[in-house]
Amino acid sequence: MTTSRPALLPAEEAAHAAASADIDDRKAQSSLYRALLNQPHLAKRVSDLIDTLMMDTVLDPRLRELIVMRLAWSKGCVYTWTQHWRIAPIFGVEEEHLLAVRDWEDHNHWSSADRAALLATDETLSDGVISPDTWDHCIAAFPTAAERLELVLAIGSWKMMSEVLRTLMVPLEDGVVPWPPDGLGPNRPGGATETNGAGLENDGENP
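As a convention, each chain's residues are numbered from 1 in the sequence order in which they are written. Whole-chain, interface and lining totals are the exception, using all residues; otherwise, since this is a predicted model, local features are given only for residues with pLDDT of at least 70 and side-chain atom pairs are given and counted only at 80 or more. Calculated side-chain values reflect all of the structure's heavy atoms, with hydrogen atoms and water omitted.

Asks: Which residues make up the packing of helix H9 (residues 132-141) against helix H10 (residues 145-167), and what values go with them?
Replies: Where H9 contacts H10, the axes come no closer than 9 Å and their chain directions differ by 130 degrees. Regarding the angle of H9 to H10, the classification is oblique. Of the two possible hands of crossing, H9 and H10 adopt the one that is right-handed. Contacts between H9 and H10 involve Trp 135, Cys 138 and Ile 139 on the former and, on the latter, Arg 148, Leu 151 and Val 152. Lines fitted to the C-alpha atoms define the axes, with helices restricted to the stretch that makes contact. Angles between their N-to-C directions range from 0 to 180 degrees. Runs of E in the DSSP output that reach at least two residues are strands. Runs of H or I that reach at least four are helices, and both are numbered from the N terminus. Throughout, the term roughly parallel applies to angles under 35 degrees, roughly antiparallel to angles over 145, roughly perpendicular to angles from 65 to 115, and oblique to all others. Two helices that cross are described as forming a left-handed crossing if the nearer one is turned anticlockwise from the farther one by less than a right angle, and a right-handed crossing if clockwise. Whether two residues are in contact is decided by their heavy atoms: any pair within 4.5 Å suffices.

What follows is the structure in structure tokens.
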């Protein structure tokens, strides 16, 4: 098994670091923050950004979760995919749609806003920018500047988080099994990978 880099803080040390940085103690119990709290001030900034995009938002949270799941699948981030599989239904995303983000263009049950958000996500992944044509679709789907700003920041933030989680090799928490149970995990370059029941990928990496 590979080791998180940097090593995860012990639970008690992470709780102390979280308290010193004014981060909710519940976060300190997660593998993500046990890694990030090696630098408490930076962990606090990440926490504030994610909390704002999650809880103090004008963008439809269902669309945010579609974006997050598409990014997790495309970037090969088992941690984000697994965590948001449990979070997304709270914000109205049905299981059918969660699975469909894996190959969303092959499905026709998306709204115009869904398609604009997912296309913007894919273009950011492939080109680093949303094209003018797709931006026009975003203007039609998201009429306020605040919504469009959150769209761009949500895509950029969870793209970054997927890359950070994989680079730091942050593991799933003990006892957490990756979804879905059909054995297909988030994509690696060249195609989907399989996961085993321990929450690790068969290539030995533990993102």
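Asks: How would you sum up the confidence of the model for the protein? Please name residues and give values.
Replies: This prediction gives the protein a mean pLDDT of 88; 86% of its residues lie at or above 70. Residue-level confidence of the predictor, termed pLDDT, takes values from 0 up to 100. Between residues 188-207, whose pLDDT stays under 50, and residues either more than four places distant or in other chains, the model counts 59 contacts.

Asks: Describe unusual backbone geometry, listing the residues and the values that go with them.
Replies: That bond from Arg 5 to Pro 6 is cis: its omega, 0 degrees, falls within 30 degrees of zero. Mapping Pro 6 onto the fold places it in the segment before helix H1 (11-20). A positive phi angle, near 60 degrees, is found at Asp 22, a position not held by glycine. Its place among the elements puts Asp 22 in the loop between H1 and helix H2 (25-28). Burial status follows relative accessibility: with a 1.4 Å probe on protein chains alone, a residue under 20% of its type maximum counts as buried, one over 50% as exposed, and anything between as partly exposed. Under the relative-accessibility criterion, Asp 22 is labelled exposed at 62%.

Asks: I'd love a proper account of the packing of helix H5 (residues 61-75) against helix H8 (residues 112-127), names of residues and values included.
Replies: Two quantities define a packed helix pair, namely the angle between the axes and the distance from one axis to the other. Orientation of H5 relative to H8, taken along the N-to-C sense of each, is 35 degrees, at an axis distance of 10 Å. In terms of crossing hand, the pair formed by H5 and H8 is right-handed. Side by side, H5 and H8 meet where Arg 62, Leu 63, Leu 66, Ile 67, Arg 70, Leu 71, Ser 74 and Lys 75 of the first sit next to Ala 113, Asp 114, Ala 117, Leu 118, Thr 121, Asp 122 and Leu 125 of the second.

Asks: Break down the pattern of salt bridges for me, citing the residues and quoting the values.
Replies: Whenever a carboxyl oxygen of Asp or Glu lies within 4 Å of a side-chain nitrogen of Lys or Arg, that contact is scored as a salt bridge. Within this structure, the stated rule accounts for nine salt bridges. For the salt bridge of Asp 22 with Lys 44, the shortest nitrogen-to-oxygen distance reads 3.9 Å. You can see Asp 22 sitting in the loop between H1 and H2 and its partner Lys 44 sitting in helix H4 (residues 40-55), a full 22 residues away along the chain. Notably, a salt bridge pairs Arg 64 with Glu 65, separated by 3.0 Å at the nearest N-O pair. Taken together, the shared-partner salt bridges in this structure form one network comprising Asp 22, Lys 44 and Asp 48.

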